[in-house]
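What follows is the residue order along each chain.
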Amino acid sequence: MVLIYSNDKKLNMEMLSKGRELADELGKKVTVAVIGKSDTDPEEYIKQGADKVFVADTDLESFKVEEYTEILAGIIEKTGVETILISSDKDGKELAPRLASMMDTGCVTECTDVYIEDGNVTAERIIYSGNAVAVERFIKKPHILTVPAKLFDPLEVDDSRSGEIINEKVAYDESPSKILKVQQMECEGVNVEDATSIVSCGRGFKNKEDIKLAEELAKLLPGETIGCSRPLSADLKWMTEDHWIGLSGHKVKPKIYIAIGISGQIQHIAGMRDSDIIVAINKDPEALIFKSADYGVVGDLYEVLPKLVDTIKAKIS
Ligand SMILES: Cc1cc2nc3c(=O)[nH]c(=O)nc-3n(C[C@H](O)[C@H](O)[C@H](O)COP(=O)(O)OP(=O)(O)OC[C@H]3O[C@@H](n4cnc5c(N)ncnc54)[C@H](O)[C@@H]3O)c2cc1C
């Protein structure tokens, strides 16, 4: 049996489509685990591929990794699942290795693919900063894997599907830690992960004010979404972290990604390589970004951007 766990509905739906595929191939069932407060009707998971939803009956208000690890281990024991897909988000990254350690088994993190080969669950992940792909198999059960967002597309809703919803208490020890304060991260409410077009800015911009050149271009595209490389957010603080794209930022999959003044280091590429069309504007013809781009403009962004905006405006009118 395959188990899916995330406390984010969207990520559950994405993993569910892969879970369904693995389970069908192995002739097994898929269960979604729900722990703590959830606004999602368990039926929604069934309509999108689950055979069962196991709702751990608790009154937990917030995520505490010690408690969630014990509860998830309890669900695994009760349901006898063998393969567990956990979202590779902030909570999942903390939870999965602890769970593997508690269950004395292996954990493959940040999978870029999961499939069955020779009857075995097999996972791929990027290693050596993107220079190689490791293909890994488990030598023990259960198999624990973490899956980044946007890797798999959710299945279509199928109202005719039916399944089982289990509501049961699972024993756990109360965590010795207390949450004293929850503070909202500073952000501008930008959702780069769901954007259909992104105009992304790098260190090629000389001043914060110059970002308006990219904003002019973004205004001509659906969603007006601006992204950035790490230095603009983490070092220069020109943009909040919700704009930050890459390995340690957000993973995006827009229809069009326009990288302006971005060199194309692997840590940035890791976050945007799945975009449908990648356009790069860079004054260095040797810039790495051109290796990942479908279209490249070699030129100074301060000259290229105004011309591009004017040309698109003229075409639109
Ligand atoms: C563990 C780790 C995690 C990381 N995670 C991330 C991450 O999530 N996201 C991320 O982005 N980075 C990440 N980085 C940093 C990454 O390695 C690069 O340093 C970063 O992506 C570089 O940003 P940049 O391309 O904007 O800047 P630079 O590398 O400085 O490139 C600037 C580019 O702009 C071009 N340019 C300059 N002037 C102009 C002009 N006038 N017109 C046109 N082009 C111009 C230059 O030719 C150059 O190619 C990470 C690094 C580490 C070690």
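If you're wondering where the values come from, they're calculated on a predicted model, not measured in any experiment.

1. Description of the domain arrangement of the protein
One widely used convention gives an interface's size as the accessible area the parts lose upon coming together.
Part 1 of the argument: The domain boundaries assigned to the protein delineate domain 1 (2–168) and domain 2 (192–316).
Part 2 of the argument: A separation of 33 Å is found between the C-alpha centroids of domain 1 and domain 2.
Part 3 of the argument: Contact with domain 1, which involves six residues of that partner, is made by seven residues of domain 2.

2. Digging into helix α3 (residues 65–79)
Part 1 of the argument: Over its 15 residues, α3 runs 21 Å from end to end, which matches the ideal 21 Å to within 8%, given 1.5 Å per residue.
Part 2 of the argument: Residues Y68, T69, I71, L72, I75 and I76 constitute the buried set of α3.
Part 3 of the argument: In this fold, the buried residues of α3 make contact with β1 (2–5), β2 (30–35), β3 (52–56), β4 (83–87) and α4 (90–102).
Part 4 of the argument: With its phi angle positive at about 70 degrees, G80 sits one or two positions after the end of α3.

3. Comments concerning the sheet that holds β3
Part 1 of the argument: Here seven strands make up an open sheet; going across it, the order is β5-β9-β4-β1-β2-β3-β10 and the pairing parallel. Unpaired on one side and paired on the other, β5 (107–108) and β10 (164–168) mark the two borders of the sheet.
Part 2 of the argument: As defined by bridge partners, β3 adjoins β10 across five bridges and the pair is classed as parallel. In the strand pairing of β10, V53 is matched with I165.
Part 3 of the argument: Strand contacts of helix α1 (residues 9–26): β1, β2, β4 and β9 (143–147), with the helix running at about 170 degrees to β1, the strand carrying the most contacts.
Part 4 of the argument: Sheet strands in contact with α3 are β1, β2, β3 and β4, and its direction is about 150 degrees off that of β2.

Calculation criteria
- Residues numbered from 1 in each chain as written.
- Predicted model: local features only at pLDDT ≥ 70, side-chain atom pairs only at ≥ 80, totals over all residues.
- Domains from an automatic or database assignment.
- Contact = placed C-beta atoms within 7 Å.
- Helix = DSSP H or I, 4+ residues; strand = E, 2+ residues; numbered from the N terminus.
- Expected span 1.5 Å × (residues − 1).
- Buried ≥ 20, exposed ≤ 12 C-beta atoms within 10 Å, placed from the backbone.
- Pairing = 2+ DSSP bridges.
- Axes fitted to C-alpha atoms, helices over the stretch in contact; angles between N-to-C directions.

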